[in-house]
Amino acid sequence: MMRQPIYGKADTVVVLDFETTGLSPTEGDRAIEIGAVLIENGEVTDRFQQLMNPGRRISRFIEQYTGITNHMLRDAPPCEQVMQNFAEFIGDYDMVAHNASFDRRFLNAEFDRIDCGYSGQFACSMLAARRIYQEAPNHKLQSLVRYKNIQNNGVFHRALADAEMTAHLWLTMVHEITEQYDIASVPFSLMQKLGKTAKSSVQNYLTRFSQDVDQSGKFSSGGSGLG
DNA sequence: TGCCAGGCCCTCTTTAGGGCCTT
């Protein structure tokens, strides 16, 4: 019997990556590029990429780290304009990012500047990967891409390239969970909570989750407490 | 190359400290 997807909307997420002038928006750092992909039904169906002018020069370190130069940013539209367009792209979809706390801070900071709210939730591919791939050499995006042989064009630290690789890492993790635990789909909330589950409890957590999904694809009562 | 910060995790912890990850 073919099971229906558990959560329609939960299967649709936007995977996001920022390139920025530094690490902390509270210290004045700004976004300089945003890249994102839309995942629907396990496939990338749309993309968003835009350089943005932060209103000041970026450091040589950032130029070398990202390959984005001051010359490239000189004629880019301002952050406010790009973020307005991005708000329309993401709607209220839930978001995924690698080390999501970083991208969430910049998203909130840039949205605050244009009085734009975001009501969706974030999940972190790095926290999930730390649970699922505990044997990986480390959990940097670039390392995980190589570790799982995820398709890439050799470009790292550019927003759309990193978002694409994060998306494929995300889909790889979801796919491996469905295969290993014989479940029809993995809801966003499961991946979100997986990242906050103690490493030693991950296997029990996923086993319990798979047992809580009945034949109709819905959770039975008193189960893993997802939702 | 790596500092700046913040959030999370782990442990030789919880009355704390250090590592990881993001740019």
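Here the structure is a predicted model, which is why all the values come from computation and not from measurement. (Residues numbered from 1 in each chain as written. Chains lettered and ligands numbered in written order. Predicted model: local features only at pLDDT ≥ 70, side-chain atom pairs only at ≥ 80, totals over all residues. Heavy atoms only, no water.)

Engineer: Is there a simple way to explain the overall build of chain A in this structure?
Structural biologist: When its secondary structure is counted, chain A shows nine helices and five strands. Shown N-terminal to C-terminal, the secondary structure of chain A runs as helices and strands in the order β-β-β-α-α-α-β-α-β-α-α-α-α-α. When the 227 residues of chain A are sorted by exposure, 53% land in the buried category. Element-wise, carbon and sulfur atoms account for 44% of the exposed surface of chain A, whose accessible area totals about 11,400 Å². (Helix = DSSP H or I, 4+ residues; strand = E, 2+ residues; numbered from the N terminus. Buried < 20%, exposed > 50% of the residue type's maximum accessible area, 1.4 Å probe, protein only. Areas by Shrake-Rupley, 256 points an atom, 1.4 Å probe, with all protein chains shown as cover.)

Engineer: Sorry, what's going on with the protein's contact with DNA strand B here?
Structural biologist: Of all residues adjacent to DNA strand B, which total 31 residues, the nearest are Leu23, Phe61, Tyr65, Asn99 and His139. Within 4 Å of the protein, the contacting atoms of DNA strand B are 54% sugar and phosphate, with bases supplying the remainder. Backbone polar atom of Leu141 to a phosphate oxygen of DNA strand B: 2.8 Å apart, as the coordinates give it. Measuring from a phosphate oxygen of DNA strand B, one finds a backbone N or O atom of Gly195 at 3.4 Å. Counting residues per element, the ones that place at least two in the surface near DNA strand B are strand 1 (13-20), helix 1 (60-66), helix 4 (100-113) and helix 5 (125-132). Ranked by residue count, the leading element in the surface near DNA strand B is helix 1, at five residues. Classifying every residue of the surface near DNA strand B gives eight nonpolar, 13 polar and 10 charged. (Near = heavy atom within 4 Å. Polar contact = N/O pair within 3.5 Å; in protein donor to acceptor, adjacent residues only side chain to side chain. Nonpolar A, V, L, I, M, F, W, Y, C, P; charged D, E, K, R; others polar.)

Engineer: What am I meant to see in the sheet that holds strand 4 (residues 94-97) here?
Structural biologist: Two orientations exist for strands paired in a sheet by backbone hydrogen bonds: parallel and antiparallel. Read across the sheet, five strands follow the order 3-2-1-4-5 without closing on themselves; strand pairing throughout is mixed. On the outer flanks of this sheet lie strand 3 (43-51) and strand 5 (122-124), each paired with one strand and no other. Strand-to-strand, the axes of this sheet are offset by a mean angle of 25°, without reference to chain direction. Bridging between strand 2 (residues 31-40) and strand 3 involves eight bridges; their strand directions are antiparallel. What sits directly across from Glu33, in strand 3, is Leu51. Where helix 5 meets the sheet, it contacts strand 4 and strand 5, and its direction lies at approximately 40° from that of strand 5. (Pairing = 2+ DSSP bridges. Axes fitted to C-alpha atoms, helices over the stretch in contact; angles between N-to-C directions. Contact = heavy atoms within 4.5 Å.)

Engineer: Where do I start with the pattern of salt bridges in this structure?
Structural biologist: Once the charged atoms of two side chains with opposite charge are near each other, the side chains can pair. This model, assessed by the stated rule, comprises six salt bridges. Of the charged contacts, one joins Glu110 and Arg30 as a salt bridge, the two residues approaching to 2.9 Å between their closest N and O atoms. Remark: Arg30 occurs in the loop between strand 1 and strand 2 and Glu110 occurs in helix 4; sequence separation between them is 80 residues. For Glu110, a relative accessible area of 2% translates into the label buried. (Salt bridge = Lys/Arg side-chain N within 4 Å of Asp/Glu carboxyl O.)

Engineer: Explain the nonpolar core here, please?
Structural biologist: When a protein is soluble and globular, its nonpolar side chains tend to lie buried together. Residues Ile39, Tyr133, Trp170, Met173, Ile177, Met191 and Leu194 are the most contacted members of the largest nonpolar core, which totals 39 residues. Those elements that place two or more of their residues in this core are strand 1, strand 2, helix 5, helix 6 (141-147), helix 7 (159-181), helix 8 (188-194) and helix 9 (202-212). The greatest single-element share of this core, amounting to 11 residues, is contributed by helix 7. Among the nonpolar cores identified, the runner-up in size contains 29 residues, and Leu38, Met83, Ala87 and Ala97 belong to it. (Core = buried A, V, L, I, M, F, W, Y, C linked by side-chain atoms within 4.5 Å.)

Engineer: Which parts of the structure should I look at to understand the environment of Ile39?
Structural biologist: Looking at the secondary structure, you find Ile39 in strand 2. By relative accessible area, Ile39 is classed as buried at 1%. Ile39 sits 27 residues away from Thr12 along the chain, and the two C-alpha atoms are 5.4 Å apart.

Engineer: Would you mind going over helix 3 (residues 79-90) with me for this structure?
Structural biologist: Spacing of three or four residues puts side chains on the same side of an α-helix, whose turn is 3.6 residues. Its 12 residues give helix 3 an end-to-end C-alpha distance of 16 Å, which sits within 8% of 16 Å, the value for a rise of 1.5 Å per residue. Every buried residue of helix 3 is listed here: Cys79, Val82, Met83, Phe86, Ala87, Phe89 and Ile90. Projection of helix 3 onto a plane perpendicular to its axis shows the buried side chains occupying an angular sector of 155°, all on one side. Against strand 1, strand 2, strand 3, strand 4 and helix 4 lie the buried residues of helix 3. In the stretch just after helix 3, Gly91 is the one whose phi turns positive, near 55°. (Expected span 1.5 Å × (residues − 1). Arc of directions from axis to C-beta.)

Engineer: Hey, could you run me through the packing of aromatic side chains in this one?
Structural biologist: Given two aromatic rings, one states the distance between the centres and the angle between the planes to describe the pair. Counted according to the given criterion, the structure contains eight aromatic pairs. A ring pair is formed by Phe48 and Phe86, whose centres lie 5.1 Å apart and whose planes are at 65°; its orientation type is edge-to-face. A residue pair is termed long-range when its members are at least 10 positions apart, and Phe48 in strand 3 and Phe86 in helix 3 qualify at 38 residues. Like Phe86, Phe48 is buried. (Phe/Tyr/Trp six-rings, centres within 6.5 Å; stacked < 30°, edge-to-face > 60°.)

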